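Per-entry structural report
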Amino acid sequence: MTVFDDGKELLLILYKQHKDWGNLPAYKELINKTGWDNKRLGIATEYLKGKQWIETIKMADGHYIIRKLTPSGIDVVEDKSKFKRHFAHEVNLGIYKARWGAEER
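Conventions we followed
Residues numbered from 1 in each chain as written. Predicted model: local features only at pLDDT ≥ 70, side-chain atom pairs only at ≥ 80, totals over all residues. Heavy atoms only, no water. Phe/Tyr/Trp six-rings, centres within 6.5 Å; stacked < 30°, edge-to-face > 60°. Helix = DSSP H or I, 4+ residues; strand = E, 2+ residues; numbered from the N terminus. Axes fitted to C-alpha atoms, helices over the stretch in contact; angles between N-to-C directions. Parallel < 35°, antiparallel > 145°, perpendicular 65-115°, else oblique. Contact = heavy atoms within 4.5 Å. Nonpolar A, V, L, I, M, F, W, Y, C, P; charged D, E, K, R; others polar. Core = buried A, V, L, I, M, F, W, Y, C linked by side-chain atoms within 4.5 Å. Buried < 20%, exposed > 50% of the residue type's maximum accessible area, 1.4 Å probe, protein only.

**Describing the packing of aromatic side chains**
Inspection of the entire model under this criterion finds 4 aromatic pairs. Between Phe4 and Phe87, the ring centres sit 5.3 Å apart and the planes meet at 50°, which makes this aromatic pair tilted. In this pair, Phe4 is assigned in helix H1 (residues 3-21) and Phe87 in helix H5 (residues 80-87), connecting sequence segments 83 residues apart. Ring plane angle 50° and centroid distance 5.8 Å describe the contact between Tyr27 and Tyr64, whose orientation is recorded as tilted. Remark: Tyr64 occurs in strand E2 (residues 64-69) and Tyr27 occurs in helix H2 (residues 27-34); sequence separation between them is 37 residues.

Shown next, in the form of C-alpha cells:
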C-alpha cells in the first residue's frame, strides 16, 4: 500500500467511528483495526495531518493522539465530488460499513 492509500483508509475509519460513536479510536485500537505497525500508522497519520483533515498530538513514544477530525476532513468524506477529487474514486460509505462490520466481530 502507498501512503496515499493508507491515508484514505485511515480517514474513513476515523470518520466512521466519529459518526457512529462521536469519538475517535485510541492509537492502539487503530493498530489493532488496521493491522499496521506503529511506523505505517504514523506515516498515514502525518499524511492526514498535513492535509489538515485531522488534529493530532505526538507523544514522546512516537504514538499519536488523534484529537479530532477537522471540518475539512469530514467534508472530504461526505462530499462525493471532494472525495473523488482527492482520491480519484467515489466513496460508497455503505460498502465501507459492511467491510468494517465484518472486521469488528
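What follows continues from the structure just given.
**Thoughts on the packing of H2 against helix H3 (residues 38-50)**
Here H2 crosses H3 at 105°, and the two axes come no closer than 10 Å. With respect to their mutual orientation, H2 and H3 come out roughly perpendicular. Residue-level contacts link Tyr27, Leu30 and Ile31 of H2 to Asn38, Leu41, Gly42 and Thr45 of H3. Split into classes, the residues belonging to the contact of H2 with H3 amount to 4 nonpolar, 3 polar and no charged.

**Overview of the nonpolar core**
Membership of the largest hydrophobic core comes to 23 residues, with the highest contact counts inside it found for Leu10, Leu11, Leu14, Leu30, Leu48 and Leu69. Mapped by element, the contributors of at least two residues to this core are H1, H2, H3, E2, helix H4 (71-78) and H5. Of the residues forming this core, the biggest block, 6 residues, is contributed by H1. In contact with Leu14, other than residues within four places in its own chain, are Leu24, Pro25, Leu30, Leu48, Ile54, Ile66 and Leu69.

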